[in-house]
Amino acid sequence: MPGTLSKLLEDLPVLNSLNPLVEIAAARLERWSPKDTGIVLAAAAAGGIALGYYYYSHLDPSLKQILTGKVDRGNVARQIQEKGPISQIYGISGHGYMVKEGRSYFFRLLFKGSILDKDNEEHTRTRRLLSSAFKSDSLRAYLPRMTSEIRSEFDLWVKMSQESGFVDLELELKQLALRFAFTLLVGADFTKDHSISTELVEKYEALLRGFIPWPIGKWDARKKSMEARQALVDDVTEIIRKRRKLLLEGVKPEFSDPLWLLMTTKDENGHSYTDEELADECVVLVIAGHETTARTLAAWTVELLRHPSLITALRKEQEDLVKSYPCDADNNYTNEHIKHMPLLDATFREIERMYGPAGEISRVTRNDITFVPADGGKPTVIKKGNRIAWSVTATNRDPAVYPEPNAFNPCRWLNSSLTSSPTLSKDQDSDLGAVKVSSFRLGTFGAGHRVCLGMQFARMEMLLIGGLMIKDYDFEDVDPECDLVEVGRPKFGYKDGIRVRFKRRA
Ligand code: HEM
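Every value quoted in this text rests on a predicted model; they were computed, and no experiment measured them.

Our next topic: the site of the ligand. In the region of the ligand, 26 residues are neighbours, and His123, Arg127, Arg363, Arg450 and Cys452 sit closest. Measuring from an oxygen atom of the ligand, one finds a backbone N or O atom of alanine 447 at 3.1 Å. The side chain of arginine 450 places a nitrogen or oxygen atom 2.8 Å from an oxygen atom of the ligand. Among the secondary structure elements, those contributing two or more residues to the shell around the ligand are helix H7 (120–131), helix H13 (275–306), strand E3 (360–364) and helix H18 (455–472). Sorting elements by how many residues they give to the shell around the ligand places H13 first, with six residues. Here the shell around the ligand is composed, by residue class, of 15 nonpolar, eight polar and three charged.

Printed below as a string of structure tokens:
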């Protein structure tokens, strides 16, 4: 037995340095006496460490991900593809279908009264009402406001970078997306009433803390989250009331934004939102659009830092663009510019494909569904009312659609074979974006009748931020050795942020 033990331990590389201890322990075990207890225990502990290491290095990659906190989307996609189109959730890779009825209680409360809490005709009606603010004509009108917000934030980044030697783009892009959402969707004005806007943001952050609470104190965090949500909705209701008063006084809005539009939109029966309903909806729009956009932009920055030659190509595209299309009177981009950035657009598509913020999307089945696998395997019955999780990660990295799915290759979007069928739902008429692919093949924004309502808004926002950043600013990694790996703990994102020197181009 001692011989077998030392042979097993010899095979484990980590124990090479402990071998002398093992040898002594093995020898002593053959001539056992109570005074050898210490050395045997030490050897047993060393053996335990070795076995732990051995199992760790042969561990299921998904479990390893959980232990290290690192995100490995390529592995998640491969696992799901190997398991087949439908597989049950076992809690580790978290994909396939799971048996759980309806939406969680917390989410129902959080999204109460909004589009996310509605089904069937009620959902269709709300969606029709909301979509008026996200059609291409409406989007075009938001460009001046968006540009002015971006420029103020970029100026701040240059200043911060001069003062501290760097700026953390992960943090700042989150701030920028937040500023966008608060300015355009809930009517905050950071340039005029900064402290009120900051107060709104603080309430929103308290609301978010209930989303992924620690198991201890979970209910308290959720209660506080709900209170913050109500406080935020009350504030937004007040903003809407003030705006209505201005409208009655005949004051024209300085900029167009979705909130102004939704205040006056009516459905086909002449119904419009009450102020409270609209406030509820707008807070949900902020939740749906803020983190998602910020995370996509952060992943975009990381890939650009990894591919400096891409920055050069994108810069050339922007320079050619301003030669071909004149800017507006304030030297800002117009809709024509946004429509003619194929490489930048392709770069964002590739980021969306590889790093979509939602790993899976859920639906509840309306009927029992019998799924028969194409390979003739055993049919699976999914009961009516079960929640199904569709894996966006696996869809977006399906090698049958995307050769070399784990390689970052924006040029695949310049290839006409991916332009097969439209990605827009009926209520989205935007002409943004050069490339179209079926949303069931690129699941980042969902698909079908619940496809992301803010998709074109988000894409315009990202193209505008990306275009202006590339055209007018230089940004370089402060620490080129840092490998910028995505982590899922203690936050979703990059462990040390994305630190860059940010300056205006000469
Ligand atoms: C990169 C940014 C974004 C991503 C990746 C994203 C992704 C998604 C996804 C995956 C869904 C679920 C779709 C489904 O169930 O099929 C969704 C729904 C939704 N998103 Fe987005 N989103 C983004 C930005 C935005 C923005 C900026 C807004 C609002 C201004 C927004 C508003 C919505 C709304 C209202 C829904 C619910 C639609 C419905 O239930 O009918 N999203 N989004």
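This brings us to the layout of surface pockets. As a volume, the second largest pocket reaches approximately 590 Å³. Forming the walls of the second largest pocket are 24 residues, and the residues nearest its centre are Gly187, Asp189, Asp193, Ile239 and Arg243. In terms of residues, the lining of the second largest pocket owes the most to one element, helix H11 (residues 218–248), which gives six residues.

A separate point is the pairing of strand E7 (residues 473–477). Only one face of E7 is covered, namely the one carrying Tyr473, Phe475 and Asp477; the face carrying Asp474 and Glu476 has none of its residues buried. One ladder, built from five bridges, connects E7 with strand E10 (residues 499–504); its direction is antiparallel. Bridging from a neighbouring strand, phenylalanine 475 pairs with phenylalanine 502 of E10.

What UniProt calls "binding site: heme" (unreviewed entry) maps, in this numbering, to Cys452. By the element assignment, cysteine 452 lies in the loop between helix H17 (392–396) and H18.

Here the focus is unusual backbone geometry. Residue asparagine 120 is not a glycine yet carries a positive backbone phi of 50 degrees. Here asparagine 120 lies in helix H7. In this structure, glutamate 404 is a non-glycine residue whose phi angle is positive, near 45 degrees. Tracing the backbone shows glutamate 404 in the loop between H17 and H18.

Let us look at the pattern of salt bridges. Under the criterion given, the structure shown has 30 salt bridges. With a closest N to O distance of 3.4 Å, arginine 145 and glutamate 149 form a salt bridge. Within this pair, arginine 145 and its partner glutamate 149 are both found in helix H8 (residues 136–164), separated by four residues, close to a single helical turn.

Assignment of secondary structure puts arginine 397 in the loop between H17 and H18. Given the relative accessible area of 6%, arginine 397 is considered buried. A C-alpha to C-alpha distance of 9.6 Å links arginine 397 and valine 76, two positions 321 residues apart in sequence.

With that settled, consider the sheet that holds E7. Within the open sheet, the three strands sit side by side as E2-E10-E7. Their pairing is antiparallel. Either end of the sheet is taken by a strand with one partner, and the two such strands are strand E2 (167–168) and E7. Docked against the sheet, H13 engages E7 and E10, running at close to 75 degrees with respect to E7.

Let us now look at the environment of threonine 334. Examined against the element boundaries, threonine 334 turns out to sit in the loop between helix H14 (308–324) and helix H15 (335–339). For the pair threonine 334 and leucine 321, spaced 13 residues apart in the sequence, the C-alpha separation amounts to 11 Å. Setting aside chain neighbours within four positions, we find threonine 334 in contact with Leu143, Pro326 and Asp328.

Let us now look at the nonpolar core. Residues Phe154, Trp157, Phe182, Phe475, Ile498 and Phe502 are the most contacted members of the largest nonpolar core, which totals 92 residues. Sort the elements by how many residues they give to this core and H13 lands first, with 15 residues. Setting aside residues no more than four positions away along its own chain, phenylalanine 182 makes contact with Gly187, Ala188, Phe190, Leu200, Val201, Tyr204, Leu232 and Val286. Ala346, Val401, Tyr402 and Leu442 belong to the second-largest nonpolar core, a separate cluster that totals five residues.

Cut-off values and rules
- Residues numbered from 1 in each chain as written.
- Predicted model: local features only at pLDDT ≥ 70, side-chain atom pairs only at ≥ 80, totals over all residues.
- Heavy atoms only, no water.
- Near = heavy atom within 4 Å.
- Polar contact = N/O pair within 3.5 Å; in protein donor to acceptor, adjacent residues only side chain to side chain.
- Helix = DSSP H or I, 4+ residues; strand = E, 2+ residues; numbered from the N terminus.
- Nonpolar A, V, L, I, M, F, W, Y, C, P; charged D, E, K, R; others polar.
- 1 Å grid on protein atoms, 1.4 Å probe; cavity = no way out; pocket = protein on both sides within 12 Å on 5 of 7 lines; lining within 4 Å.
- Points joined across faces, edges and corners; volume = space filled by probe spheres on them.
- Buried < 20%, exposed > 50% of the residue type's maximum accessible area, 1.4 Å probe, protein only.
- Pairing = 2+ DSSP bridges.
- UniProt positions renumbered as here; feature names shortened; annotations may be inferred.
- Salt bridge = Lys/Arg side-chain N within 4 Å of Asp/Glu carboxyl O.
- Contact = heavy atoms within 4.5 Å.
- Axes fitted to C-alpha atoms, helices over the stretch in contact; angles between N-to-C directions.
- Core = buried A, V, L, I, M, F, W, Y, C linked by side-chain atoms within 4.5 Å.

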